[in-house]
Amino acid sequence: MADSKKEATEVIDPAVAAFIEEDAKRKAELEEAKAKDFEKPYDTEALLEVRHLRKCFPLQKSLLGKVQRELVAVDDVSFKLNAGETLGIVGESGCGKTTLGRAILKLHEPTGGRIIFNGEDITDFNVKQMRKNRTEMQIIFQDPYSSLPPRSTVGDILSEPVKVHKIVPDSEVKDYVMDLMEKCGLRDYYYERYPHEFSGGQRQRICIARALSVKPKLVICDEPVSALDVSIQAQNINLLKDLQKSMNLAYVFISHDLSVVKFISDKIGVMYLGSMVEFGNKKDIFSNPIHPYTKALFSAIPNPNPDVKMNRIVLNGDIPSPANPPKGCRFHTRCPNATEKCKYVTPEYREYEPGHFAACHLCEEEFSKK
Amino acid sequence: MSNEKNTEKTQKHYLTSKEIKAIAKENSKVMKALEKKKYRKAVESEFVTTMKDDKNILEIEDLHTYFFTDQGVVKAVNGVSFNIPKNSTVGIVGESGCGKSVTSMSVMRLLQGPQGQIYSGSIRFKSEEFKRDAKGNPIPVFVKDENGADTQVQATSSSGAPLFEMEEKVLDIAEMPISEIHRIRGRQISMIFQEPMTSLNPVFTIGNQLDEVVFIHSPGATKEMAKKRSLEMLELVGIAAPERVYNSYPHELSGGMRQRVMISMALICDPRLIIADEPTTALDVTIQAQILDLLRDLKDRINGSIMLITHDLGIIAEMADYVVVMYAGRVIEQGTVSEIFHNPMHPYTIGLQKSKPTMDSDSDTLFNIPGNVPNPVNMPSHCYFKERCSKCIGKCSGDYPGMIQVSPTHYVACHLYGEEEKNG
Ligand SMILES: Nc1ncnc2c1ncn2[C@@H]1O[C@H](COP(=O)(O)OP(=O)(O)OP(=O)(O)O)[C@@H](O)[C@H]1O
Ligand SMILES: Nc1ncnc2c1ncn2[C@@H]1O[C@H](COP(=O)(O)OP(=O)(O)O)[C@@H](O)[C@H]1O
Ligand code: SF4
Ligand code: SF4
Ligand SMILES: [Mg+2]
Ligand SMILES: [Mg+2]
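### A few points about the state of the cysteines
Residue and element names in this part refer to chain B.
Then step 1. The full count for this structure, using the stated rule, is 0 disulfides over all chains.
Then step 2. Between cysteine 98, a free cysteine, and cysteine 383, which holds the nearest cysteine sulfur, the sulfur-to-sulfur gap is 14 Å.
Then step 3. Looking at cysteine 383, the relative accessible area reads 13%, which means it is buried.

Following this line, the structure appears as structure tokens:
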């Protein structure tokens, strides 16, 4: 805050000064609201609730080990997810999707905010306390090539977690694994084979089976089909959807491919430079996107029909560095609708329709007119 | 079940060391012969040829490009034929590993030897080069000096580079010795790669690298001319601060900017053909949109052709005039963009289009093609798609289907479209 005051004296334009003041005021209000938010009771219906989650990575440390500069990879992200639902996270590379996914699993220690899983605040759990949750929360990685141990057979890879977490009695492990393999579209003779003998799509199925072997409730899928070919992609997306139905799984599905996300998700979150800029039900987001970035993102998808003339919103410029994000609205350097205000005042993340959130001054104005 | 296990065992995945030695011995014989041909001294008449159709800039005919590995011969490109007409964009689609990049590497003669070799086939390119005098020097274009009435001076281009007389020749790239390839590569055909960082040198500034290309292309250009041309090109690809980028090192630029620099580098030589191998796969959708707009705009401005390789049917629909669909090293269907999208005929093309979730579909399950691409070392003798095809008929267990013409521009290789089309 001291910073912005100093700048205000340098700037002559009174309009700008007013904006800076407004921003400071809003930020203070936001902090207050946040503090109140943390005291609210947990939603007992939601399987996963994330409140104002923040994750920073240190960039520079002083000699004494004090952090001097940091990169805010995830900034103030909040959402709820019910059992059996899919939340799709979209956004450009480096916008913090993976970091968000890993922070939810506490594979990254969150810097701020709360994670409530199954009615329990797990934010401050230690490793021992997390062990129980480990079986209920699983992750599938993007790269099916490096995430499987090369020297173990498929059978060993799938049996190990079942034994460690005592999912079924030892005598039933093999039957359990065989059954799981069948569900995941893996033939039974794969049991004695090694990962390198399989194609990318089959390896991804092994990863899926491994994640599901411990009967999780929530699976974070980080770009689970991006490394696969189109025709193999479709096989695995269908598999994920079938398994969701039969095992009542909740997915956080991270992808940069909007058409895949649209196909699999119930809710969608759009991220830009670490923040959630729009969040809502799939229907609302696709039929009525309200944030300019979401609109641009949708219009940028190439349409596989040569007759449709594209009416594209072309964004100028490159994605700014997350180590040094723009002031005010982070999207203002590329937004076709940006105004002077956007350069200084951070827009508030607000609910515009039931369950449909966005952070943009333009939406704020439009809705206040209504 | 046990039966299935046994058949699996007999189709083993490991070769014995004896078998590997035998393969290696056989391979080294063939590789040696092909390497010898590659490094031979040849007179021009050995690789000058004629085009089948004068409208084309590139004609690929029955190209076979193999990799001689110790596991066996990988027939990465196994009899590919297609043409690239002047001033058009030809899109090549197909699954990863189907030979798209190997086809483009063959055209550029960038295959990694001695394993990677063009085994047979021709790649005819309509080349336009400096006309040379008996001593092999380029012949300058002379114009009357504006000041003196009688003196003649060499003509210059808009950026001030001296001009020379040009002539057209058709060259068979597959037959050229590697020492001659500089006449084409990076001068008349340039390439844009998927990962721009790997093709930019990290220790030189962008300006250094661009100027270098200008000097190669226009002999006799001065440093100032080179810089002028480089800045012009950076501006052409939509870089807002060309002077700043000119003085930057590659790592100081973002992915989108690096890709623009690569494109400007590919354009410096006024190429007649640009090969873009997955030019936007490493980029985000919004940056991808910028680059696609740029490429489309450039094709008309430089009056050239583009060979666009991608696995994204959406990009093809937007950019291409003609489409070539590849599967396991072969072309299985080709036609105009509207033929391929409105009247796809090969079961693989049809499946490919159906398996991509679209933004306006609302169905509950995605169509998918079961199974995988066959092992590239042991290709079957029947249709390569047979194990995954749902429309398979009796004939499909026989020979590999030939190419059938269904319209002046539409071809398909599938037994479903047999005699009646041929006759009718
Ligand atoms: N250096 C090499 N040695 C051996 N085999 C190779 C080599 N390069 C390519 N291949 C093989 O050639 C085939 C075609 O490869 P290519 O790179 O052209 O595929 P692609 O269609 O471009 O795929 P992608 O979409 O993954 O880039 C593959 O089976 C591949 O394994
Ligand atoms: N361990 C780390 N140390 C420092 N920066 C990191 C680390 N992991 C991620 N980041 C940075 O955080 C940002 C978000 O990264 P990530 O979540 O991996 O992006 P995405 O998955 O959307 O591509 C990026 O700018 C990335 O460079
Ligand atoms: S707040 Fe302003 S800059 Fe940000 S998205 Fe809305 S209109 Fe664009
Ligand atoms: S030839 Fe037969 S197996 Fe091959 S694609 Fe056509 S119908 Fe299918
Ligand atoms: Mg990621
Ligand atoms: Mg490739």
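### Comments concerning the sheet that holds strand β9 (residues 189-192) of chain B
All names here are of chain B.
Then step 1. Ordered in space as β9-β10-β11-β4-β12-β13-β15-β14, the 8 strands form an open sheet in which the pairing is mixed. Because the sheet does not close on itself, it has two edges, and the strands there are β9 and β14 (404-405).
Then step 2. Pairing of β9 with strand β10 (residues 273-277), which is carried by 4 bridges, proceeds in the parallel orientation. Looking at the pairing, isoleucine 189 lines up with leucine 273 of β10.
Then step 3. Each of β4 (89-93), β9, β10, β11 (305-309) and β12 (322-327) is contacted by helix α3 (residues 100-108), which is oriented at about 145 degrees to β9, the strand it contacts most.

### Points about the environment of threonine 123 of chain A
All names here are of chain A.
Then step 1. Mapping threonine 123 onto the fold places it in the loop between β5 (120-121) and α4 (127-136).
Then step 2. Counting along the chain gives 224 residues from threonine 123 to proline 347, while the straight-line C-alpha distance between them is 27 Å.
Then step 3. Apart from the residues within four sequence positions on either side, threonine 123 is in contact with Lys106, Glu109, Pro110, Gly113, Arg114 and Ile115.
Then step 4. A distance of 2.9 Å separates a polar side-chain atom of threonine 123 from the backbone nitrogen of isoleucine 115.

### Section: the site of ligand 4
Then step 1. In the vicinity of ligand 4, the residues found are His346, Pro347, Cys383, Phe385, Lys386, Cys389, Lys391, Cys396, Pro401, Cys414, His415 and Leu416 of chain B.
Then step 2. For the shell around ligand 4, a count of residues per class yields 8 nonpolar, 2 polar and 2 charged.

### Re helix α3 (residues 97-104) of chain A
Then step 1. Within α3 of chain A, 6 of the 8 residues are buried, which leaves it mostly tucked inside the rest of the structure.
Then step 2. Immediately beyond the C-terminal end of α3 of chain A, within one or two residues, lies lysine 106 of chain A, with a positive phi of roughly 60 degrees.

### Description of the interface of chain B and chain A
Then step 1. Facing the 51 residues of chain B at the interface are 45 residues of chain A.
Then step 2. For the pair chain B and chain A, the two sides together bury roughly 4000 Å², of which 55% comes from carbon and sulfur.
Then step 3. The interface formed by chain B and chain A holds 0 salt bridges in total.
Then step 4. Connecting chain B to chain A are 6 residue pairs in polar contact (both at pLDDT 80 or more).
Then step 5. Those elements that place two or more of their residues in the side of chain B that touches chain A are α1 (2-10), α8 (255-267), α9 (285-302), α10 (313-319), α11 (337-342) and α12 (347-355) of chain B.
Then step 6. Here the side of chain B that touches chain A takes 8 residues from α9 of chain B, the largest share from any one element.

### Observations regarding the side chain of glutamate 92 of chain A
Then step 1. Secondary-structure assignment places glutamate 92 of chain A in the loop between β3 (86-90) and α3.
Then step 2. Polar side-chain contacts of glutamate 92 of chain A include one of 3.5 Å to the side chain of arginine 334 of chain A.
Then step 3. Ignoring sequence-local partners within four residues, the contact set of glutamate 92 of chain A consists of Lys97, Met271, Tyr272, Tyr293, Ile319 and Arg334 of chain A together with Asp284, Thr286 and Ile287 of chain B.

### Overview of the site of ligand 2
All names here are of chain A.
Then step 1. Around ligand 2 sit Phe57, Leu71, Ala73, Glu92, Ser93, Gly94, Cys95, Gly96, Lys97, Thr98, Thr99 and Pro322, and those are all the residues in its vicinity.
Then step 2. Here an oxygen atom of ligand 2 sits 2.9 Å away from a polar atom, N or O, in the side chain of lysine 97.
Then step 3. Here ligand 2 has 560 Å² of accessible area as a free molecule, and 61% of this is covered by the chains.
Then step 4. Of all the secondary structure elements, the ones that give two or more residues to the shell around ligand 2 are β2 (67-82) and α3.
Then step 5. Per-element accounting of the shell around ligand 2 gives the leading share, 3 residues, to α3.
Then step 6. The residue inventory of the shell around ligand 2, partitioned by class, reads 5 nonpolar, 5 polar and 2 charged.

### What to know about the confidence of the model for chain A
Then step 1. Averaged over chain A, the pLDDT score is 86; the fraction of residues at 70 or greater is 93%.
Then step 2. With pLDDT under 50 throughout, residues 1-6 of chain A is counted as low confidence; its partners more than four residues away or in other chains account for 1 contact.

### A short note on the environment of lysine 356 of chain B
Then step 1. Relative to the elements of secondary structure, lysine 356 of chain B occurs in the loop between α12 and β14.
Then step 2. A C-alpha to C-alpha distance of 7.7 Å links lysine 356 of chain B and leucine 366 of chain B, two positions 10 residues apart in sequence.
Then step 3. Not counting chain neighbours up to four residues away, the residues in contact with lysine 356 of chain B comprise Val230, Asp257 and Ser259 of chain A.

### Comments concerning the sheet that holds strand β6 (residues 137-140) of chain A
Strand pairing in a sheet is mediated by backbone hydrogen bonds. Such pairs are either parallel or antiparallel.
Residue and element names in this part refer to chain A.
Then step 1. Taking strand neighbours across the sheet as the criterion, the 8 strands line up as β6-β7-β8-β3-β9-β10-β12-β11 in an open arrangement whose pairing is mixed. Every interior strand has two partners, whereas the edge strands, β6 and β11 (349-353), have only one. Pairs of neighbouring strands in the sheet enclose a mean axial angle of 20 degrees, with direction left out of account.
Then step 2. In terms of strand pairing, strand β10 (residues 275-281) meets strand β12 (residues 356-359) through 2 bridges, oriented antiparallel. Considered in β12, the bridge of phenylalanine 279 is made with phenylalanine 357.
Then step 3. With respect to the sheet, α4 is in contact with β6 and β7 (218-222), its orientation differing from that of β6 by roughly 60 degrees.
Then step 4. Packed on one face of the sheet, helix α11 (residues 292-299) meets β3, β9 (267-272) and β10 and runs near 100 degrees to β9.

### What about the confidence of the model for chain B?
Then step 1. A residue-level look at chain B finds 92% of positions with pLDDT of 70 or above and a mean pLDDT of 85.
Then step 2. Segment residues 1-12 of chain B is flagged for pLDDT under 50; beyond a separation of four residues in sequence, or across chains, it makes 7 contacts in the model.

### Quick word on the pattern of salt bridges
Residue and element names in this part refer to chain B.
Then step 1. Scanning all chains against the criterion turns up 38 salt bridges over all chains.
Then step 2. Two residues, lysine 126 and aspartate 54, come together in a salt bridge whose shortest N-O distance is 2.8 Å. Taken together, the residues span a long stretch of sequence, with lysine 126 in strand β5 (residues 116-130) and aspartate 54 in the loop between β1 (48-49) and β2 (56-69) at a distance of 72 residues.
Then step 3. On the accessibility criterion, lysine 126 (3% relative accessible area) is buried.
Then step 4. The salt bridge involving arginine 183 is made with glutamate 129; its shortest N-O contact spans 2.7 Å. Of this pair, arginine 183 sits in the loop between β8 (166-172) and β9 while glutamate 129 sits in strand β5, placing them 54 residues apart in sequence. One exposure class covers both arginine 183 and glutamate 129, and it is buried.
Then step 5. The network of salt bridges with shared partners includes Glu44, Glu129, Glu167, Lys169, Glu180 and Arg183.

### Some words on the packing of helix α6 (residues 223-236) of chain B against α8 of chain B
Residues and elements named next belong to chain B.
Then step 1. Between α6 and α8, the least distance of the axes is 9 Å, while the angle of their chain directions is 125 degrees. The orientation of α6 relative to α8 falls into the category oblique. As for the relative orientation of α6 and α8, their crossing is right-handed in sense. Mapping the contact onto sequence places Arg229, Met233, Leu234 and Leu236 in α6 and Val261, Ser264 and Leu267 in α8.
Then step 2. Its residues assigned to classes, the contact of α6 with α8 shows 5 nonpolar, 1 polar and 1 charged.

### Some remarks on the pairing of β12 of chain A
Residue and element names in this part refer to chain A.
Then step 1. Of the strand pairs in this sheet, β11 and β12 are connected by 4 bridges, and their pairing is antiparallel. The residue of β12 that forms the bridge with glutamate 351 is phenylalanine 357.
Then step 2. What sits between the antiparallel neighbours β11 and β12 is a turn of 2 residues, in which glycine 355 has the positive phi angle 75 degrees.

### Some details on a negative patch on the surface
All names here are of chain A.
Then step 1. On the surface, Glu172, Asp175, Asp179, Glu182 and Asp188 cluster together to form a negatively charged patch.
Then step 2. Counting through the fold element by element, glutamate 182 comes out in helix α6 (residues 173-183).
Then step 3. A relative accessible area of 64% means that glutamate 182 is categorised as exposed.

Conventions and cut-offs
Every residue gets a number counted from 1 within its own chain, in the order that chain's sequence is written. Both sets of labels track the order of writing: A upward for chains, 1 upward for ligands. Whole-chain, interface and lining totals are the exception, using all residues; otherwise, since this is a predicted model, local features are given only for residues with pLDDT of at least 70 and side-chain atom pairs are given and counted only at 80 or more. In computing side-chain properties, one takes all heavy atoms of the structure into account and sets aside hydrogens as well as water. To count as a disulfide, a pair of cysteine sulfur atoms needs to be within 2.5 Å. Partly exposed residues are those whose accessible area sits between 20% and 50% of the maximum for their type, while under 20% is buried and over 50% is exposed, using a 1.4 Å probe and protein chains only. Here, strands pair whenever DSSP counts at least two bridges between them. Segments assigned H or I by DSSP are reported as helices when at least four residues long, segments assigned E as strands when at least two residues long, and all are numbered from the N terminus. Whether two residues are in contact is decided by their heavy atoms, any of which lying within 4.5 Å being enough. For helices, the fitted axis covers only the stretch in contact; all axes are lines through C-alpha atoms, and the angles between them, taken along N-to-C directions, range from 0 to 180 degrees. By the criterion applied in these results, polar contacts are pairs of N or O atoms within 3.5 Å in which, for protein atoms, one can donate a hydrogen and the other can accept it, and in which residues neighboring in sequence qualify only through two side-chain atoms. A cutoff of 4 Å decides nearness: a residue is near a molecule or strand if any of its heavy atoms lies inside that distance of it. Just so you know the grouping, Ala, Val, Leu, Ile, Met, Phe, Trp, Tyr, Cys and Pro go in nonpolar, Asp, Glu, Lys and Arg go in charged, and all remaining residues, Gly too, go in polar. The term buried area refers to how much accessible surface (probe radius 1.4 Å) is lost by two components on association, counted for both of them together. Salt bridges are defined as contacts in which a side-chain nitrogen from Lys or Arg sits within 4 Å of a carboxyl oxygen from Asp or Glu. Values of accessible area rely on a 1.4 Å probe in the Shrake-Rupley scheme; residue burial ignores everything except the protein chains shown. Every residue is assigned a pLDDT by the predictor, reflecting its confidence on a scale from 0 to 100. Here the word oblique covers every angle except those under 35 degrees (roughly parallel), over 145 (roughly antiparallel) and from 65 to 115 (roughly perpendicular). Crossing handedness: left-handed means the near helix sits turned counterclockwise from the far one by under a right angle, and right-handed means the same turn made clockwise. Note that patches include only residues with greater than 30% relative accessible area and no salt bridge, and the join distances are 9 Å for like charges and 5 Å for nonpolar side chains (Val, Leu, Ile, Met, Phe, Trp, Tyr). By the counting rule applied here, Lys and Arg register as positive and Asp and Glu as negative, while His and the ends of each chain are not counted. By convention, the charge on Lys lies at NZ, on Arg at CZ, on Asp at CG and on Glu at CD.

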